[in-house]
Structures are given as C-alpha cells and as structure tokens.
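Analysis of the macromolecular model
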Amino acid sequence: MTAPEPAPQHATCPDPRQAPAPQDLGAALLLERAHHDACRAAFTAMVEGADLQVVTGEDVSASGADAEVLGYRLRSNAKALHELPEGPLFFGRLDFAHGTGGEHEGLAQHIGRLRISEHPAAPPLVVDWRAPVSRAFYQASARDPQGVAVRRRFGWAPGSRGDSADLTGLEDEHLGAEASVGQDGGGGERGAGAVAPGDGLPAGDGGILAREIERPRVGPMRDIAATIQPEQDDLVRGGLAESVCVQGAPGTGKTAVGLHRAAYLLYTHPRRVQRGGLLILGPNRAFLSYIAEVLPALGETGVRQSTLHDEIGRHGATGTDPDHTAAVKHDPRMAEVLRRAVYGRVAAGRAEDLFVPEGSYRWRVGSRALAEIVTDVLAEAPPYETGRERVRSRIVRRVQELAERRSGPRPAAWTRRVERARPVSACVEAVWPKLRPEEVVAGLLTDAEALARAAEGLLDPDEQRALLWPRPPRSPKSARWSAADLVLLDEVAGLLAHPRGYGHVVVDEAQDLSPMECRAVARRVRFGSLTVLGDLAQGTTAWAASSWRVQMSHLGKPDATIVPLTMGFRVPAAVLALAGRVLDRLDVDVPRAGSLRRDGELRVRRAHGDLSGAVVAAVRDALAHEGSVGVIAADPQAAAVREALTAAGLPSCGPDDPAARVTVVPATLAKGLEYDHVVAVEPAAVAEAEQRGLNRLYVVLTRAVTRLEIVHDRPLPWER
C-alpha cells in the first residue's frame, strides 16, 4: 500500500509559458525518453531496496508485536512494487507558470501511477497521480489554470511494456493559449485542435487523450489514471467520511471512478482505511475477474474484491425459489418478521426462582428480579448475543451482592465459577436461549404458526404461504438453502451479533440489490462510508431500485450525495442513440446519455432463417478489426452460439476468461463488462427471457465501445 508523499520539490524548468517551436518537439521527445530511462533506473532501485528492507527488517530488534507490524508493512510495500504491471512510468507532465506565487511556481512535475524517486528524501522524478499537486493535471483549464502553464500528455506505443523507445509522441496544452502543438512518432506536426485548449477532453481525431480513451482492448479492464475527466476527478477525490452514489449512464466510467476512488482513499488515508478495511463488491465473479487488475496497476494490492453472496454465504445456494417466494424474501418487511422471530424467543415470564449453591448455603434470586433483568436488557435493544451475556452478568452480580452482604467481597475466581455454574446457565437458557441463524430461519419456513406470529400485520396469508417450504427438511443442517435464504440467514446473523465492519465499501451495480441485500451491505459499513455505483436503467432483478434516495436509505446512508454522470467516454454516440430507443420504453426516470465519441459503427444483420450462420459471419467481420469481441445472447441460446463458432473454426471462451479474443456471454452475465466489438444475438429473445428483459437488452446493447452488430431473425423490440 502506498502512502501520501510530501509536497514535491523538483528542479526548475525553462519558462514553460513559451510554447516550444515545432522543430524543438523532436528534441523534447528525446529529453522525455532520457527522463524515463532515469525513472526506470530509480524504480528498479526502489524494488531492490524494498526487497532488502524485508530481509533486514526481520533482524530488527523489537517486541514481537512491533516486529510483526513492521514486517507486514515492509512485505506489503515490496509486494505492491513487484505486482505493478509493466508499462510506462508516467503519462503526463505539468509545467507550472512563473510569477504565480504558488508553491510549485516554475516547477515541472511528471505524473504517473506511483511516486518514483532516487531515494525517499530526494525530489520525486514522478509524482503519484493521487498527490494534491497532481489534481491540476485533471482540473486545470483555460478559465482556471491553477498555476499551470502547460499540460503535457505522452503517447506510448500500444501494448508498451515501459521501454523508453515506446514513447512515440507528446502533446502540449497551453492553458490560455489558442493552439495545441504536438508531434507524433512519425514526425508529423499537428496544429490547433488536436486537444481543445483548457477543457481536457478529446476534441479531435489526433489527440493523445482521445486515442487513449478509444484504444481497443483485449483482456481485463485498464485503469484510467491518464484520462480521468474533471467530473470524475471530483468523485475520486471525495473525503473518506463522505458516502456518494454515482448514477452513471453506460460508458461514463462509473466503475473506473469507484476503483480509482478506492485507490485514492488507500493513498490518502492509509492507516484509517487499512485499520477499517476496504471491500469491493461486484455483481458476479466474471465481473470481478474483469476488474481484478485495476487496483494492482495503481499500486494497491491486498484489497478484498468479492460478491455479496460470497460475503454472506454461510452455505452454498443449492435450492431455488419460485419468483413470488423470492420476491417476498427480499422484501424489507422480512427484516421485522425476522426480528420478531429472534427476540420472540426471549421470555421473561419463564423465569423461575434461581438457586445457586455454595457449600451448605444456597443463594436465591427471585423470579421477579430475574424478569426485571430480562426486561431491562430487552429495552436496551442490544444484539441478541450481547443481550444474552448481559443477562448472565447481571444475574451473577445479583448473586454476588447477596454473597457479599453475608461474608464480604468475593475474588474474581469466585465470580467466574458462578458464571459457569449450571443453575445460572440453565436460567439464562430458559429466559434468553442461545440461537443459530439456521434454526430461526428454518423454524419460520417450516412452522406456519410460528410464521403467522412473527408476520402478523406485515405479510398477508398468501405471502406467508409462499414462504413455507413445501417439503420441510429433517433438520436445518439438511436444508437446501436458496440464494434468498442466504440473505435471511445473514439478517438473523446480524441480529445475533454485528458482522465484521469495513471502513469503506465500493458497491457496483447497486441498482440490482434488493432491500434485504442492501441491509446486508449496511451492516458491514455501520461506521464507515460507501461508494455506490449503478444505473437505474440497467436494473434487471425483480426488486431493482427505482429511486437512489430510497436505495441509499436501505443501505443505511440516507443523506449520501447522489451524483449523475451522463457524458460517455467509451460508448460511441451511434450505439447510445440506438440504446436510447430502448431506454424510452423503460419505466425509469433516467435521462438519455450523451457521448463524446463520434466514431464507432452500428450494423444490423438480418439472419434470413440461419441465425447461427449470421452470427459466425458477424464474428468473422469483427475479427478483421483490432480489439476484443463479445458475442452476447439470451442465456438459453449462449451454448448453441458457442457450438456454432467452434464448428466454424472460431475458438471462443466464456466471460470468466477476460483475456480471450472472442467471448460468448450469456446476457445475464454481461453487466459491467465491455468489448470493442459486440455481436448482439436475437434481441427479441433477450427481451422476452425475463420480467425486466428490456432492461437486460439495454445492458447488452451498451457493452460495445467501438462496433455493435445486431444479428436477428425476429422483429427488433424497439421497432414494434
């Protein structure tokens, strides 16, 4: 884990307010390559130094606990440096103007994914993108230069592993000037308009920023440290205590924003985040595989990335529920049903006189006093297991008071002996019995009378009947728990004892969480903060959210800031225009997304009775272009599509292999993924496959970042 760096002090540079003449740009490129060589040498020394520190740190004379903490920090630092993917060490540079009076006046700072220096006390050769000084790289504009005279972006050869020779171009953006001057690797000059001065957005086909955003990809998701836009940067650099919800249209980079916010918090608040823990929650394991390399590429390793079901899964989900039953189990009313079922086991009225023997004497605590103890603890509303221990300790205190009145203070050993005494344990078990989540949930789902008592006034008779298991298991151990049951078990477990909490949790595709699933997340971040990412239009579950304010209340952060991202950087405008026709048919209050991308291609191919043949032809056409190919079909059709591609000599993989060139993706697993070229197979089948099929189709159509080809035999849903 990296730590915040001190304010960098770098060597001064020639007055950067003077734009270099075009004939000087070739020389500037050579100087930047030389600087990268120096950075590479310094980085190599940093890695070797970190390894040496691990070895020598083991010999440090310190207490066992101190040595363990020190060793962990040294090993973590070395591990993070070793796991940083090969690649360029910087992507930008800031030249600060003279005469501004700022602390960076007249300095030049290279910006990269981590701080690089020749030794810890030396001025940095590269400044971490998360450092305060780096913010101007993303935020400075002609209207607000923030002391910056020139913002330089570097162009690297595609797939570069960080060789200095791969630095093939640079572009200077003179804030307040009227032109951008640049040079590519072939020596061609670009005039004004390659990058719009001061706005930081791609404004022409030749811009390095535009090319980086539009660059084809094969493999896992990349970081966007080099291309973060001002509105994204505002979200990334939000405070640790602030919970934020990002309503992000397709292609707006909401997932990348969430991951970069996690990296920023780890950098800015390393001890607090490390102490509290940071959790990334994704919708499925295919999605987690897709994003797995982003944080390591930013120098952050060891962050837990999981699905909610992996977090709460006390058992495997081996059972299934009818749709109506699942909907009831995910309903927020179930929280109160379960609370009643748990605390309904507490019975102050069952208290009988307690007798605790000591030699030939017996100490008596009357039933009325015991009932008062139980009633008082219930009124305090502690977690169930905490309440049980409070009852025990207060009973022991009553016995102790009786004993001390007779013969004086009692030692701690006496107190421990009374706590373990059989009569005391039997009394506690009678009034506040020990529970397991499986016993509580199975008891409700198999006992109609118990369910009726807990659900009175909350669930109607039809809903109660839907919850009852048609074939009760012999015992909770033999039950076939469904995915919805796991949510109920976690709710009960949270009533019994608070689960492990996190300092910050990033939740992606949060629009699909049910109210009960939201409560499971909220329990894990009671004293921390949330970054919630999603798009109401992409909600595909039966319980998908229709309002972020309501959803954030279920997540325990009703006052969270809700920020819309509507400008896309990845999905071409033509693709979003088509998806917008589907969006217009959805029952969600979400504006159409815009796009900065005016390139891209949209094609519609009629199958004329040979759907498999048309899909094969579309994939062959896509393979003629650079980049990844995703073939997305309704779940029942996915296997047949893959077989057709194999028979045609076109190997493909499933979504769990993000490095594959051709991937066949069932529509239900497409969310959060993206491909350069998408072949969308039979949209009508996708739309008809589930209750919110049009929402699913909207997801499918917006996975393309360069080309979208629709292959169909049946009428298209948006034309009906």
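Up top is the structure.
Attention in this report is confined to the structure presented alongside it.

Calculation rules
- Residues numbered from 1 in each chain as written.
- Predicted model: local features only at pLDDT ≥ 70, side-chain atom pairs only at ≥ 80, totals over all residues.
- Heavy atoms only, no water.
- Helix = DSSP H or I, 4+ residues; strand = E, 2+ residues; numbered from the N terminus.
- Buried < 20%, exposed > 50% of the residue type's maximum accessible area, 1.4 Å probe, protein only.
- Contact = heavy atoms within 4.5 Å.
- Pairing = 2+ DSSP bridges.
- Axes fitted to C-alpha atoms, helices over the stretch in contact; angles between N-to-C directions.
- 1 Å grid on protein atoms, 1.4 Å probe; cavity = no way out; pocket = protein on both sides within 12 Å on 5 of 7 lines; lining within 4 Å.
- Points joined across faces, edges and corners; volume = space filled by probe spheres on them.
- Nonpolar A, V, L, I, M, F, W, Y, C, P; charged D, E, K, R; others polar.

Moving on: the side chain of Arg388. In this fold, Arg388 is placed in helix 14 (residues 384–407). The exposure class of Arg388 is buried, given its relative accessible area of 10%. In contact with Arg388, other than residues within four places in its own chain, are Val428, Glu429, Trp432, Pro433 and Lys434.

Here the focus is the sheet that holds strand 10 (residues 304–307). Pairing in this open sheet of six strands is parallel, and the strands run 10-9-13-14-8-15 from one edge to the other. Across the chains shown, the open sheet's two edge strands, defined by having one partner strand only, are strand 10 and strand 15 (561–565). Adjacent strand axes in the sheet meet at a mean angle of 15° when their direction is disregarded. Strand direction decides the pairing type here: strand 13 (residues 504–507) and strand 14 (residues 529–534), joined by four bridges, are parallel. Note on strand 14: the bridge partner recorded for His504 is Ser529. Running over the sheet, helix 6 (residues 254–268) touches strand 8 (244–248), strand 9 (278–282), strand 13 and strand 14 and is turned about 160° from strand 14.

All chains considered together, the criterion is met by four cavities of 30 Å³ or more. Taken as a whole, the largest cavity spans an internal volume of roughly 460 Å³. Every residue lining the largest cavity is counted, 31 residues in all, and those nearest its centre are Met221, Gly253, Ala256, Arg570 and Glu674. Among the secondary structure elements, those contributing two or more residues to the lining of the largest cavity are helix 4 (208–214), helix 6 and helix 8 (285–291). Looking at side-chain class alone, the lining of the largest cavity contains twelve nonpolar, ten polar and nine charged residues.

Once that is clear, we can look at the environment of Leu486. Along the polypeptide, Leu486 turns up in helix 20 (residues 483–496). The spacing of Leu486 and Glu517 is 31 residues in sequence and 9.8 Å in space, taken between C-alpha atoms. Not counting residues up to four positions away in its chain, the partners in contact with Leu486 are Ile312, Gly313, His315, Ala317 and Trp481.

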